[in-house]
Amino acid sequence: MPFTSIETPGYVGFANLPNQVHRKSVKKGFEFTLMVVGESGLGKSTLVNSLFLTDLYPERIIPDAIEKQKQTVKLEASTVEIEERGVKLRLTVVDTPGFGDAIDNSDSFSAILEYIDEQYERFLRDESGLNRRNIVDNRIHCCFYFISPFGHGLKPLDVEFMKKLHSKVNIVPVIAKADCLTKKEILRLKCRIMQEIEDHGIKIYPLPDCDSDEDEDYKEQVKQLKAAVPFAVCGANTLLEVKGKKVRGRLYPWGVVEVENPEHCDFIKLRTMLITHMQDLQEVTQEVHYENYRSDRLAKGIKSKENGLKPERDSIVPAQIVANSVLTEKDRILQEKEAELMRMQEMLAQMQAQMQAQQ
């Protein structure tokens, strides 16, 4: 019996496509990698635990002053599976203990830059391999850069770090421990930081503009988020009772700072920005930062081969060579794989012929 549509005439059914994508995405789950960078004592770990209501560092040992003198920048990746209403998120948080703690911090960036490039290189290698369906994406999708509230703007270390990383990762500036400042001081510091970011040509993550047909509430939300950058936040994992209800906050002699109260800090705005634009952060990482790395990497490899040299990571390639060489490298890889498949088919044909001859 032929299949007949029970819908109204003129209805094809492709309006159901978003539901199919939704079901497939929920079944597969989501991956997101967040990097947190900043000096020790700015509350990075507390904020991350507060954002995702989990404990990512249950066995962390905090070094004393003598150990900090010898400590170099090292990266620690912590992964946790979070499930909420049937939706699974594989969250990886990369912490950078030791950053900015030394007297000479000129080498603080190298370990972080190498880690970001390593993740891009691993993804590029997996993407070019035979098993492309099961790639684990550990690329850094977002970097929270923590700025100290005890100053008058950005330090030279802050400027240098963001200038080195803004072409590799989505940077979101965060003013740490905002409960140390008054509202006027926060506004003044925000204006100063944004002015310095503009003066130094630093590119931070731009929140996407709204389309004209978007909901008015969403437009207002994005407007408020853009106005809140850099986000002045404070974190807390302690539940306190205020006026008969439990709140997450910090207790002081003069009162309680409620972390999730928009009047007290930008914690809710930061979490809203991260959750509502998580997909966009991943797309910018894929389409901008990763593609820049990939084009650069392939072009350097091809240029080295043409000159009869081993590939060098830091060789400089003109833009025209980059544009032309990416396609040729892609074609070369495809030709190699096709030749390999042909060889395997020939071997199978020979084995079958031998088996038939033996029979």
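The structure under discussion appears in the preceding block.
These numbers come from a predicted model, not from an experiment. (Residues numbered from 1 in each chain as written. Predicted model: local features only at pLDDT ≥ 70, side-chain atom pairs only at ≥ 80, totals over all residues. Heavy atoms only, no water.)

(A) Inspection of the overall build of the protein at higher detail. When you go through the protein residue by residue, the secondary structure sums to 10 helices and 9 strands. A buried classification covers 39% of the 359 residues belonging to the protein. Across the protein, the fraction of contacts at a sequence separation of at least 24, relative to all contacts at a separation of at least 6, is 69%. (Helix = DSSP H or I, 4+ residues; strand = E, 2+ residues; numbered from the N terminus. Buried < 20%, exposed > 50% of the residue type's maximum accessible area, 1.4 Å probe, protein only. Contact = heavy atoms within 4.5 Å.)

(B) Representation of helix H2 (residues 44–52). Buried residues dominate H2, accounting for 8 of its 9 residues. Those residues of H2 lying buried are Lys44, Ser45, Leu47, Val48, Asn49, Ser50, Leu51 and Phe52. Tucked inside the fold, the buried residues of H2 contact strand S1 (30–37), strand S2 (76–84), strand S3 (87–95), strand S4 (142–147) and helix H8 (267–276). Of the residues trailing H2, leucine 53 is marked for its positive phi of about 50°.

(C) The arrangement of helix H7 (residues 216–228) in detail. For H7, which comprises 13 residues, the first-to-last C-alpha distance of 19 Å matches the rise-based estimate of 18 Å (1.5 Å per residue) to within 8%. For H7, the side-chain oxygen to backbone nitrogen distance between the N-cap and aspartate 217 is 3.1 Å, and the N-cap itself is aspartate 215. (Expected span 1.5 Å × (residues − 1). Polar contact = N/O pair within 3.5 Å; in protein donor to acceptor, adjacent residues only side chain to side chain.)

(D) Looking closely at the packing of aromatic side chains. Summed over the entire model, instances satisfying the criterion amount to 5 aromatic pairs. Here tyrosine 145 and phenylalanine 161 contribute two aromatic rings whose centre-to-centre distance is 5.0 Å and whose plane-to-plane angle is 20°, an arrangement assigned as stacked. With tyrosine 145 in strand S4 and phenylalanine 161 in helix H5 (residues 156–165), this residue pair connects regions lying 16 residues apart in the sequence. Note on accessibility: tyrosine 145 and phenylalanine 161 belong to one class, buried. Among the aromatic side chains, those forming a connected cluster through ring pairs are Tyr120, Phe123, Tyr290 and Tyr293. Its end group placed over the ring of phenylalanine 123, arginine 139 keeps NZ or CZ at 3.7 Å from the ring centre. Seen from the ring of tyrosine 290, arginine 139 lies directly overhead, with NZ or CZ sitting 4.8 Å from the centre. (Phe/Tyr/Trp six-rings, centres within 6.5 Å; stacked < 30°, edge-to-face > 60°. Lys NZ or Arg CZ within 6 Å of the ring centre and 35° of its normal.)

(E) Main features of the sheet that holds S3. With mixed pairing, 6 strands are arranged side by side in an open sheet as S2-S3-S1-S4-S5-S6. Both outer strands of the open sheet, S2 and strand S6 (231–232), are each paired with one neighbouring strand and no more. Note that S4 and strand S5 (residues 171–175) share 5 bridges and pair parallel. Each residue of the ladder has a partner; that of cysteine 143, found in S5, is isoleucine 171. Sheet strands touched by helix H6 (residues 183–199): S4, S5 and S6. Its angle to S5, the strand with the most contacts, is close to 150°. (Pairing = 2+ DSSP bridges. Axes fitted to C-alpha atoms, helices over the stretch in contact; angles between N-to-C directions.)

(F) Structural view of the sheet that holds strand S8 (residues 245–252). Ordered in space as S7-S8-S9, the 3 strands form an open sheet in which the pairing is antiparallel. In the strand order of this sheet, the two ends are held by strand S7 (239–242) and strand S9 (255–258), each with one partner. The average angle at which neighbouring strand axes cross in this sheet is 70°, direction not considered. The pairing of S7 with S8 spans 4 bridges and is antiparallel. Looking at S8, one finds that leucine 240 is bridged to valine 247.

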